[in-house]
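Fold and geometry: a report
The lines below spell out each chain.
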Amino acid sequence: MSASKLIRPCVDYKDSYIEALREYHQEERYLYQDIGVLDRDFDGFVKDLACEKGYPHQPYQDWVEPMPETIVWMVKDDTYIGTVNIRHRLNWHLEKWGGHVHFIVRPTMRGKGYGRKILHKAMPIINYIGIDNALLTICPNNQWAINIAEQCGAVFEDETQATDKFPAVKRYWLNCT
Ligand SMILES: CC(C)(COP(=O)(O)OP(=O)(O)OC[C@H]1O[C@@H](n2cnc3c(N)ncnc32)[C@H](O)[C@@H]1OP(=O)(O)O)[C@@H](O)C(=O)NCCC(=O)NCCS
C-alpha cells in the first residue's frame, strides 16, 4: 500500500473518479460534470483539466475575468481521494469570495485526515506556481475547513459580508513559501 500523493489528473483513475463524482452529486456538488459524458470521454476531460484554462467550470464568466487554474488530485493506490484547484491570480470576485485555493475530499473519505493532508501537500505546488501568500475563503460554519486552514498556518484576515448572490466567507492568508 502506498502513501497518498498529489498528481495531475490522470486517466488511470477514471473508475474511482466517476465513483467519487456520484458521491459529490449526492451533495449537489459538481453537477455540471455529467457522468455519462465523462464515461464516454474521460481522456478528453482529463486533457481539458490539464490545460489550465480553468475548464471545465468558470462561473460568472460573463462578468468576471476568467482565471487560469491548476488542478491536482489526491490519490492513494488506485483510489481518487480529493481535488485542489489553484487559481493563478485573483480577479475581484476571487479576491472577495473564491480565493486562490479550493480543496475538497470526496464524502466517503472525510474524517480520516485527508483534508489536512491535501492542503498541506498542495502548499509547495501553490508556491511553485508563483503564489507566496494564498487566499483561502471558507464559510463561517465550515469548522472542519477552518481547523485545517489554521493547522496549516493560515492567518485570518476578515469576513466578507453576504450579498444577494453570495454568502459570507471568512478570508485567510496561507503563507506557502
Ligand atoms: C473540509 C474538508 C476538506 C475536510 O476534509 P476531511 O478529510 O474530513 O478533513 P480531516 O479528516 O483532515 O479533518 C479536519 C478537521 O475536521 C474535523 N472533522 C472531520 N470530520 C469530522 C466530523 N464528521 N465531525 C466533526 N469534526 C470532523 C477533524 O477532527 C479535523 O479537526 P481536528 O484536526 O481539529 O481534529 C471536507 O469536509 C470537504 O471536502 N468539504 C467540502 C468542501 C470544502 O468545504 N472545502 C473547504 C473550503 S475551500
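Structure shown above.
Residues numbered from 1 in each chain as written. Predicted model: local features only at pLDDT ≥ 70, side-chain atom pairs only at ≥ 80, totals over all residues. Heavy atoms only, no water.

We now examine the environment of glutamine 33. Relative to the elements of secondary structure, glutamine 33 occurs in the loop between helix H1 (14–26) and helix H2 (35–40). Spatially, the C-alpha atoms of glutamine 33 and proline 59 are 13 Å apart, while their sequence positions differ by 26 residues. (Helix = DSSP H or I, 4+ residues; strand = E, 2+ residues; numbered from the N terminus.)

Under the 1.5 Å per step criterion, the end-to-end length of helix H5 (residues 114–129) is 22 Å for 16 residues, consistent within 8% with the ideal 22 Å. The sharpest bend along H5 comes to roughly 35°, located at methionine 123, with the proline proline 124 sitting one to four residues further on. Every buried residue of H5 is accounted for by Tyr114, Gly115, Ile118, Leu119, Ala122, Met123 and Ile126. One or two positions beyond H5, positive phi appears at glycine 130, with a value near 115°. (Expected span 1.5 Å × (residues − 1). Bend = angle between axes of the 7 residues up to and from the residue. Buried < 20%, exposed > 50% of the residue type's maximum accessible area, 1.4 Å probe, protein only.)

Near the ligand you find 18 residues, and of these Phe103, Gly111, Gly113, Arg116 and Asn142 are the closest. Between the ligand and glutamine 151 there is a distance of 3.0 Å, counted from an oxygen atom to a side-chain nitrogen or oxygen. Protein chains bury 74% of the 930 Å² of accessible surface belonging to the ligand in isolation. Among the elements of the structure, strand S4 (101–105), H5 and helix H6 (143–151) are those that each provide at least two residues to the shell around the ligand. Looking at the shell around the ligand residue by residue, the class counts come to 7 nonpolar, 7 polar and 4 charged. (Near = heavy atom within 4 Å. Polar contact = N/O pair within 3.5 Å; in protein donor to acceptor, adjacent residues only side chain to side chain. Areas by Shrake-Rupley, 256 points an atom, 1.4 Å probe, with all protein chains shown as cover. Nonpolar A, V, L, I, M, F, W, Y, C, P; charged D, E, K, R; others polar.)

By the definition in use, this model includes 0 disulfides. Of all cysteine sulfurs, the one in cysteine 10 lies closest to cysteine 51, which takes part in no disulfide; the gap is 17 Å. Taking relative accessible area as the criterion, cysteine 51 reaches 35% and is therefore assigned partly exposed. Left unpaired, cysteine 176 is separated from the closest cysteine sulfur, that of cysteine 152, by 9.0 Å. With relative accessibility at 5%, the residue cysteine 176 sits in the buried group. (Disulfide = S-S within 2.5 Å.)

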